Amino acid sequence: MKSFRTDLGRIWVFILPFLSLITCDSDIDSYSSFSDVTNKIFGRPKNGTIAAFGDFNSDQYVDIFFIVNEGHGVEIFLMHIDGTQAGKANIERPKEAITSVVPGDFNGDSLMDVLITTRPDGKALDKSAPTSAYVYWGPALSEDLSTKVSSNMIDQPLVMDYNADMIPDIFGAEMDNKRYFWICNNMTSPYAFTKIPLEGEHSTHPFRIPNSNAFVDMLGSGYAADLFVTSMVGEHPEFEVWLMQEGPEAEPAWTFRKNFTLPEVPDNVKGPWAHVGQSTFVDIDADGQLDHILPLCADEECLGSYVYSMTAKEDDWKELLKPSDLELNTKVWGFVPPSQKLSNTLDIPLTLRAGDVNLDNYPDFVCILQEHLEGPNVNRAVVVLRNYAGKILEPAWPTDGTANIKGPVMAAFIDATNTGLLDVIVVNQPNLNDKPETHILGNQFSIDAYFVTVQVLSGLVCTGDATTCPNGKYTYGVNQPGPQIHYDTTSSNGGRQKSMAAQLCQSSYFSLQLPHVVMGLGQNPNFVDYLTVGVPSTVGTPRQRQFTAVIPNSQLIVIPKPLDKPQDWTSKLLITPGQSVVLTGAILIGTCIFIAIVAAVLQFLEKREDEIQKRQESHRFHFDAM
C-alpha cells in the first residue's frame, strides 16, 4: 500500500481514539502463513544468490544485490512500488570468485558504492587462501574506477565507522593476523584508503573463521556502537568487546574492554561444542537492551542443535532452544552442519537471521533446518523460530508456500511489498551442480498488529548535478552502519513497552541485514512515546536524538545533520496505514452517514410538527382582537 506523508498525522490524531473500538483480542500469537510471490516480484525464480540489501538509487525501496555467473558477477535488482525492474550485471570478476558484497558510501559523496571480497578462482572455499577487497565507486560501478583495499586479508571484513564521521570504514585482519582499519577520508585522493593498525590487549589473537564481527552497542554505552570481535585463543573461540574513546588530538582510540567465552556444554554432551554458528544481535526479551544470540551444535552432524542468548547486563548464557524442541513426528531435525557443503562457490555458515514476523515486539529468526536421514539424501526446510517473550524459541514448521523450494540453503527477511510486514527470501539449490535460484515467500499475516520502521542516513548531501545524484536530486546519504534505535512507550494494558535494535551492525558472511530496522509494537495503536536514535560517537560525547509521539505504522527517516548538534537533526515521516486504519475510516464514514440520516429525519419530523402547530394556530379564536 502506498505510503502517505506527514500530513496524515493530523488525520491520525483524530482517528486514533477510535482504534480502541475495533482492536479486538485477536490471537497475536497466531503465526502468519506464507505464499510464493516469486513470479509477482521477479517474473520467475531469480538466478543467483542473495548477497546484500541496500537502496542503490535512493528511492526508499530496498534493492537486492545478487552474486551471479557462478560467483564471478554482481547484479543489482531494483525494487519499485508499482512492480520491479530487473538489474544487470554491474560488476564482473572473471578471474576471481566473489565471496561477499557490502553496499555503502565509502568516500562520503552520498552515492552508494559497493565493496566486494574475492578469493582466487577455484579457491572460494579455501580458508587458507587470501581474501582481496575492492570498492567499486558509484553510481557507475566501473572497474576503471574501482580501488583495491587489500589483497592480503585473512577473512571477510566488517564495514563499520572507525572515526564516527558517518563515512563507513573497513575493519579486518591480514594474513599475518594483524588487525587494521581501512579508512577513505583523504579529500585530496578520494579513492585511496589509509591503513590504521588496531593495537592493544587481545589484538594479536587471530580471527575465528568464519568471523561474525559486529559494530553494535554491547555495553549499553549511550547508544554508541562498540566493536565486537570473534577470535580464537588456541583452539577455543572467544568474544571481545572494544570501546571507542577519544584519543590525542580528538582522534578515536579503540580500547579493549571485556571478553567472554562460549556457554558451557549441557551435562548430556560429551566434549566441547562441535560447531559454533554466527552471532546475531537483537533485543530478544524486549527489555531495551541488545542480546547476543548464538546457535551451536553439540556433534558433527548437528543432531544436537542449541540456541543460547546472553544479555548485556549479565554475563550468563541462557538456553532458548534444545534438540528436543526440533522434533517433528518423531523425526530428528537440526541445523545444517557448517561442514556440509551447500555451494561450490560460497561459504554459507550456520546463521540465524532476525526479524519480527508477527510484529509482537519479540524478534523471531529464520533458518534452514535439516532432517537427519540415513544415506546420502537429506531433507531441508525453511523454518521460522518463533520467539515467546525471550524465554524459548519454538519452530514454526512450513505448511504452505514452499512447494517449489526443494533444497533451501539460505533464508532471510525482506519487506518486499514495503508494507512493514517481513517476507522471507530464500535461495534454493537442491544439488551442488544446480544453479541457485531465489524465491520470495509473501507474509500473509492476518492480524493487524502495528510497527515502526526507522532508517538512519549519514546526513551527507549529494552535491553533484542531475547526472550524478540518484534520481537527479539531492540525497542525504545511504546505508549507514552502527546507528542504535530504542523506543519506550505505553503498552495497550497500561504498562511500559520497549525494545532496541541495531542498524546494519554486521556485513560479512551473508548477514543479510536490511538498511532499516522494523520494530513490532504488537496490538498497540498508541503513539510511540519516546524513540531514541543514536549514531557512532566516542565515550562521553553522545550523539543521540529523542523523538516523541511517533505515529505507529510509519517509517521514520532520520537525517543526523549537523552531526554534533542532535537537537537540530531532521526527520521525515512516511505513514503506511494498516487494516485498522482503513476499518476505522470506514466506521467513521458510516457513523457520519448514520448521524446525517438521523439528523435529517429529526429535522423532517420537526418541520412537520411546526406545520401542524401553525395550522392549529390559524384556526384559534383570538380574544385579543375583540
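Look a little higher up for the structure.
In this report, we go over the structure that sits alongside the text. (Residues numbered from 1 in each chain as written. Predicted model: local features only at pLDDT ≥ 70, side-chain atom pairs only at ≥ 80, totals over all residues. Heavy atoms only, no water.)

**Observations concerning the sheet that holds strand 15 (residues 194–197)**
Within a sheet, neighbouring strands are paired by backbone hydrogen bonds and run either parallel or antiparallel to one another. Strand order in the open sheet formed by four strands is 12-13-14-15, and the pairing between neighbours is antiparallel. Strands at the two margins of the open sheet, each flanked by one partner only, are strand 12 (158–160) and strand 15. For this sheet the average axis-to-axis angle between neighbouring strands, irrespective of direction, equals 30 degrees. Examined bridge by bridge, strand 14 (residues 179–183) and strand 15 share four bridges and lie antiparallel to one another. Its bridge partner being in strand 15, Tyr180 is matched across the sheet by Pro197. (Pairing = 2+ DSSP bridges. Helix = DSSP H or I, 4+ residues; strand = E, 2+ residues; numbered from the N terminus. Axes fitted to C-alpha atoms, helices over the stretch in contact; angles between N-to-C directions.)

**Overview of the packing of aromatic side chains**
What the rule picks out here adds up to 21 aromatic pairs. Every member of this aromatic cluster is reached through a ring pair, and the members are Tyr162, Phe171, Phe181, Phe207, Phe215 and Trp254. Against the face of Phe66 rests Lys46, its NZ or CZ located 4.8 Å from the ring centre. In this structure, Lys195 is placed above the aromatic ring of Tyr180, and the distance from its NZ or CZ to the ring centre is 4.6 Å. (Phe/Tyr/Trp six-rings, centres within 6.5 Å; stacked < 30°, edge-to-face > 60°. Lys NZ or Arg CZ within 6 Å of the ring centre and 35° of its normal.)

**Focus on the state of the cysteines**
On inspection of all chains with the given rule, the structure shows one disulfide. Paired through a disulfide, Cys297 and Cys302 show a sulfur-sulfur distance of 2.0 Å. Taking the sign of the torsion about the S-S bond as the criterion, the disulfide between Cys297 and Cys302, at about 95 degrees, is right-handed. Considered together, Cys297 and Cys302 belong to a single accessibility category, that of buried residues. (Disulfide = S-S within 2.5 Å. Buried < 20%, exposed > 50% of the residue type's maximum accessible area, 1.4 Å probe, protein only.)

**Overview of the pattern of salt bridges**
Under the criterion given, the structure shown has 11 salt bridges. Two residues, Glu75 and Lys46, come together in a salt bridge whose shortest N-O distance is 2.6 Å. With Glu75 in strand 5 (residues 73–80) and Lys46 in strand 2 (residues 46–47), this residue pair connects regions lying 29 residues apart in the sequence. The pair Glu75 / Lys46 is uniform in exposure class, with both members buried. One continuous salt-bridge network, built from bridges that share partners, spans Arg93, Glu96 and Glu143. (Salt bridge = Lys/Arg side-chain N within 4 Å of Asp/Glu carboxyl O.)

**Structural notes on unusual backbone geometry**
Gly138 connects to Pro139 through a cis peptide bond whose omega is 0 degrees. By the element assignment, Pro139 lies in the loop between strand 10 (131–136) and strand 11 (147–153). With omega at 5 degrees, the peptide bond leading from Ile209 into Pro210 counts as cis. Structurally, Pro210 is set in the loop between strand 15 and strand 16 (214–216). Look at Tyr509: it is not a glycine, yet its phi comes out positive at around 50 degrees. With respect to the helices, strands and loops of the structure, Tyr509 is situated in the loop between strand 36 (496–502) and strand 37 (517–522).

**A closer look at a negative patch on the surface**
On the surface, a cluster of negative charge is contributed by Glu606, Glu609, Asp610 and Glu611. Checked against the element boundaries, Glu611 lands in helix 3 (residues 579–618). Its relative accessible area of 46% is what places Glu611 among the partly exposed residues. (Patch = residues over 30% accessible without salt bridge, like charges linked within 9 Å, V, L, I, M, F, W, Y side chains within 5 Å. Areas by Shrake-Rupley, 256 points an atom, 1.4 Å probe, with all protein chains shown as cover. Lys, Arg positive; Asp, Glu negative; His and termini not counted. Charge placed at Lys NZ, Arg CZ, Asp CG, Glu CD.)

**Let's talk about a nonpolar patch on the surface**
A surface patch of nonpolar side chains, about 970 Å² in accessible area, is lined by Ile589, Ile593, Phe594, Ile595, Ile597, Val598, Val601, Leu602, Phe604 and Leu605. Relative to the helices and strands, Phe604 is located in helix 3.

**Section: the environment of Ile91**
With respect to the element layout, Ile91 can be found in strand 7 (residues 89–92). Measuring from C-alpha to C-alpha, the distance between Ile91 and His72 comes to 8.3 Å, with 19 residues separating the pair along the chain. Once you skip the residues sitting within four places of it in the chain, Ile91 turns out to touch His72, Gly73, Val74, Val114, Ile116, Tyr136 and Leu141. (Contact = heavy atoms within 4.5 Å.)

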